[in-house]
Amino acid sequence: MTKRIIILLIVLGLNIFIFQGCTEVKVDTEEAIVPPRNKFIPIKGTWRVEGGMMPTKDKQVFRNSLVGKQAAFDENIALLGSELCENPEYKIRSVRSKDYFLYTYHISHKMLGSMESIIEIVSVTAKGQHFYDFIVIDDQQLIVHKDDAFFYLKYVRPDVDERAADRFNKKVAGNDPQIPAIESNLLRSGVLLGLRFPSHGNASSFHEQEWEGEEMNYRTVWIAAKNRQIFSIEEIKNLLVPRKSGFWIVESNRNNRNDYSQDYFIVSPLETGTERTKKTSMLLHQQKKEQRETESREETRIFSANLFKRIRFIGNDYAAIEYHQSQENNGNTKNYFQLMPIDNMNNGQGINISDIAGAEGREILLNSAQGYLSNRNGKELDRMEEQVREDYFTLERRNGHWLMKGRLYYTDHEERPYVDYSINMIPPDKIVNYDELHVSWNKIKEKVPEAIDAFVSPNKDMAVIVTENFIHIYGLIKGELGEKPLEKIKLLEGEDVVMAEWATGNYVERWKNFIKESLPPKLH
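Since we're looking at a predicted model, the values are computed, not measured. (Residues numbered from 1 in each chain as written. Predicted model: local features only at pLDDT ≥ 70, side-chain atom pairs only at ≥ 80, totals over all residues. Heavy atoms only, no water.)

1. Considering the environment of K154
- Among the structural elements, K154 can be located in strand β10 (residues 149–157).
- Spatially, the C-alpha atoms of K154 and Q141 are 4.9 Å apart, while their sequence positions differ by 13 residues.
- Residues contacting K154, with those up to four places away along its chain left out, are T46, W47, R48, E50 and Q140. (Helix = DSSP H or I, 4+ residues; strand = E, 2+ residues; numbered from the N terminus. Contact = heavy atoms within 4.5 Å.)

Right, here's the structure in full:
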């Protein structure tokens, strides 16, 4: 073994024990997660819906079935009228009231009455799925946005109404028209599949080794089933990402300037909008215009080379992005990975693995790289860069699961400029919150021999099997696939899955309604 090989392995070994160079991830210090069993719940107690208003109506006060109903919050339940979720979590953030209502709902905060310049927003979630955001006006009044309207809630008592709690705990909600029945024989599952495809066709797939910067487009397919029967399929342009704060749209664009091209992403929250006034539409248009200008200015500063981007994975909070950087004047190219926060996908500074998996994650990455290098021959090791970067990693699909992968570079470009290696860890929950298959890969291949990927509902009632040309949807009973697919959806040429986000129970209907009301369906 040459002196260079020994030095390389020593450097790797030292890196495992010495924690250095972590990128600090900016977090909002005004936010706090309140654990489900924490005694402090900012809106705990019983509230009553006193009234509501819809900004898009001529008459601001209107009648609605929610008015007069109760809302209740504690460690076990969150209830709004007839909607209820178990074991809720409460996330608090402070915002400027003027900016919050302008950029989230595209209205002036003055339309809703008097409030402080700084207000608190309490986001209620359950099992990673968003319930509602409650706007705290003071200790006696809340506002909640639902079905394009704002509802005013008045404080009633510090604890949850025993009747509502009893009905929930004893699961006799079916006898009360105000609370949805909990039926063990009713299975509802829905999935948002995010898909990436080349703008002009004939692009390399995600599982192929080399990508040369082909421009990418994205779409989302919504599939929903009730009792193992498909009842809703919709197609949406761009990526529709469900997050704790609601639904967001992620769009990819390519700028051409100074003989170079660069990709950038536009990320924005989405609200239902069956009826928008001209003023609201103008505010939304202005917001998008300003955002595009900001993104463009950021990219203009580094337009000294081509910089192409494609999403390999996207979840609730993070996106794994692959970059292809090239300079035509000298022929140099570089492909690299980064994990980016969805809130800041264009900042160019990737997250270190230690930022989302701690020191243990960093150690696993370095051990995985060292394990790969130990099986290489001396000639190949001589060509390897000595540094192993902990921000160069990504996610990829294999046999129905998300796996983590890192990248090492050669000092020369004799054959290929880099090699990829497997990182021997399951993606942390911060990145992937659900990734269970519930049926063996062998059974999937027996049923669909050409299968290259598969996803299964948390309810274990629906399987989505992906081949090169189709999405096959199957019913699933006790781990066994149905005889025939319930539906087949044609894939575009070179199309790959980059997102799978599931809804179950009452959330299926909520997601379906949101998609129908707020987005123009169909890509073409």
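2. Points about helix α5 (residues 353–374)
- Here α5 contains 22 residues, and its C-alpha end-to-end distance of 22 Å is more than 12% below the 32 Å for a straight helix at 1.5 Å per residue.
- The largest bend in α5 is about 100°, located at A359. (Expected span 1.5 Å × (residues − 1). Bend = angle between axes of the 7 residues up to and from the residue.)

3. What about the sheet that holds strand β13 (residues 229–237)?
- Strand order in the open sheet formed by four strands is β13-β12-β11-β28, and the pairing between neighbours is antiparallel. Because the sheet does not close on itself, it has two edges, and the strands there are β13 and β28 (496–504). Between one strand axis and the next, the sheet turns through 15° on average, direction left out of account.
- As paired strands, strand β12 (residues 216–226) and β13 are joined by eight bridges and run antiparallel to one another. Along β13, the bridge assignment pairs T220 with I236. (Pairing = 2+ DSSP bridges. Axes fitted to C-alpha atoms, helices over the stretch in contact; angles between N-to-C directions.)

4. A word on the pattern of salt bridges
- Enumeration according to the criterion identifies 25 salt bridges in this entry.
- Notably, a salt bridge pairs E83 with R510, separated by 3.4 Å at the nearest N-O pair. Here E83 is found in strand β5 (residues 83–86), whereas its partner R510 is found in helix α8 (residues 506–518), with 427 residues between them in sequence.
- Exposure remark for R510: the relative accessible area of 22% places this residue in the partly exposed category.
- When the shortest N-O distance is used, the salt bridge between R243 and D343 registers 2.8 Å. Residue R243 is found in strand β14 (residues 239–243), and its partner D343 is found in the loop between β19 (333–341) and α5; the two are separated by 100 residues along the sequence.
- On the basis of relative accessible area, R243 is assigned to the buried category, the value being 6%.
- Among the charged side chains, a salt-bridge network with shared partners connects R310, R312, E322, E396, R398, K405, R407 and D420. (Salt bridge = Lys/Arg side-chain N within 4 Å of Asp/Glu carboxyl O. Buried < 20%, exposed > 50% of the residue type's maximum accessible area, 1.4 Å probe, protein only.)

5. Regarding the pairing of strand β11 (residues 188–198)
- Of all the eleven residues making up β11, eleven are buried; the element is thus mostly covered by neighbouring parts of the structure.
- With burial as the criterion, each face of β11 is covered, one bearing R188, G190, L192, G194, R196 and P198 and the other bearing S189, V191, L193, L195 and F197.
- In terms of strand pairing, β11 meets β12 through eleven bridges, oriented antiparallel. In the sheet register, F197 faces β12, and the bridge partner there is N217.
- Where β11 lies against β28, eight bridges are found, and the strand directions are antiparallel. Bridged to L195 within β28 is V497.

6. Quick notes on the nonpolar core
- Ranked by internal contacts, the top residues of the largest apolar core, which has 62 residues, are I43, L80, F134 and L153.
- For this core, the element with the highest residue contribution is α8, accounting for five residues.
- Filtering out sequence-adjacent residues up to four positions away, L80 remains in contact with V49, L66, Q70, A71, F131, Y132, F134, V144, K146 and L153.
- F313, L366, M425 and I431 belong to the second largest nonpolar core, which has 27 residues in total. (Core = buried A, V, L, I, M, F, W, Y, C linked by side-chain atoms within 4.5 Å.)

7. Thoughts on the confidence of the model for the chain
- With 75% of its residues at a pLDDT of at least 70, the chain reaches an overall mean of 80.
- Low pLDDT, under 50, characterises residues 5–12; the predicted model gives this stretch 17 contacts beyond four residues in sequence or across chains. (pLDDT = per-residue confidence, 0-100.)

8. Side note on the environment of G348
- Considering the arrangement of structural elements, one finds G348 in the loop between β19 and α5.
- For G348, a relative accessible area of 48% translates into the label partly exposed.
- The spacing of G348 and Q338 is ten residues in sequence and 8.6 Å in space, taken between C-alpha atoms.
- Beyond its immediate stretch of four places on either side in the chain, G348 contacts Q338 and M340.

9. Focus: unusual backbone geometry
- Even without being a glycine, N399 presents a positive backbone phi close to 50°.
- Relative to the elements of secondary structure, N399 occurs in the loop between β20 (393–398) and β21 (401–409).
- Of note, H438 is a non-glycine position whose phi angle comes to about 65°, a positive value.
- Mapped onto the secondary structure, H438 falls in the loop between β22 (418–423) and α7 (441–447).
- Exposure remark for H438: the relative accessible area of 32% places this residue in the partly exposed category.

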